[in-house]
Amino acid sequence: MKVEQIESVVAVEDGLPPLQAMVYEELLRRKDEVFPYQGDELLQVFPQMKRSAMNWTLWLLAKNGQIGKMRLRLRGRVTTVYGSHEALELLREHIRQEAGLA
């Protein structure tokens, strides 16, 4: 395919297993979204992936520093959310604004 035909490109970090690379690419495309642990949003993108595989993949990507994670209270419950580093920075800024700290 010609380079001009490619609409967007996400560089994947070398050495990631295929499953982690797919999830990593998706998170990089969604720089303004975070995804809760045990959530369904990413499972809708990857319908053949099991919930346990998704959770394990998110945990590994965060552990290795490719993505970020944050614990917060969401809908009255403490949960962990995962996302790109940019998405988590947006979330931190949003929380500061909501708290009146910005």
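For the structure, check the block above.
Everything numeric here is computed off the predicted structure, so don't read it as measured data.

1. Describing the environment of Met70
Phase 1: Among the structural elements, Met70 can be located in strand 2 (residues 68-74).
Phase 2: Residues Met70 and Arg92, 22 residues apart in the sequence, show an inter-C-alpha distance of 9.3 Å.

2. What about the pattern of salt bridges?
Phase 1: All chains considered together, the criterion is met by nine salt bridges.
Phase 2: For Glu86, the salt bridge identified is with Lys31, shortest N-O distance 3.9 Å. Taken together, the residues Glu86 in helix 4 (residues 85-98) and Lys31 in the loop between helix 1 (18-29) and strand 1 (35-36) connect sequence positions 55 residues apart.
Phase 3: Residue Glu86 is classed as partly exposed on the basis of its relative accessible area of 41%.
Phase 4: Of the residues examined, Lys31 reaches a relative accessible area of 39% and is grouped as partly exposed.
Phase 5: The network of salt bridges with common partners includes Glu25, Glu26, Arg29, Arg30 and Glu33.

3. Looking at the packing of helix 1 against helix 3 (residues 51-63)
Phase 1: Between helix 1 and helix 3, the least distance of the axes is 10 Å, while the angle of their chain directions is 75°. With respect to each other, helix 1 and helix 3 are oriented roughly perpendicular. Taken together, the residues of helix 3 that come into contact with helix 1 (itself represented by Leu19, Gln20, Val23, Tyr24 and Leu27) are Ala53, Met54, Thr57, Leu58, Leu60 and Leu61.
Phase 2: Residue classes in the contact of helix 1 with helix 3 are distributed as nine nonpolar, two polar and no charged.

4. Overview of empty space enclosed by the protein
Sizing a probe to match a water molecule and rolling it over the atoms shows the empty space that remains.
Phase 1: Tallied over the entire structure, the rule returns one cavity of 30 Å³ or more.
Phase 2: Computed from the structure, the largest cavity encloses a volume of approximately 40 Å³.
Phase 3: If you go around the largest cavity, the residues you meet are Phe35, Pro36, Tyr37, Gln38, Gly39, Glu41, Leu42, Met54, Asn55 and Leu58.
Phase 4: Secondary structure elements with two or more residues in the lining of the largest cavity: strand 1, helix 2 (41-45) and helix 3.
Phase 5: Among the elements that make up the lining of the largest cavity, the one with the highest residue count is helix 3 (three residues).

Rules and cut-offs
Residues numbered from 1 in each chain as written. Predicted model: local features only at pLDDT ≥ 70, side-chain atom pairs only at ≥ 80, totals over all residues. Heavy atoms only, no water. Helix = DSSP H or I, 4+ residues; strand = E, 2+ residues; numbered from the N terminus. Salt bridge = Lys/Arg side-chain N within 4 Å of Asp/Glu carboxyl O. Buried < 20%, exposed > 50% of the residue type's maximum accessible area, 1.4 Å probe, protein only. Axes fitted to C-alpha atoms, helices over the stretch in contact; angles between N-to-C directions. Parallel < 35°, antiparallel > 145°, perpendicular 65-115°, else oblique. Contact = heavy atoms within 4.5 Å. Nonpolar A, V, L, I, M, F, W, Y, C, P; charged D, E, K, R; others polar. 1 Å grid on protein atoms, 1.4 Å probe; cavity = no way out; pocket = protein on both sides within 12 Å on 5 of 7 lines; lining within 4 Å. Points joined across faces, edges and corners; volume = space filled by probe spheres on them.

Take it as geometry only, folks, not as evidence of what the structure does.
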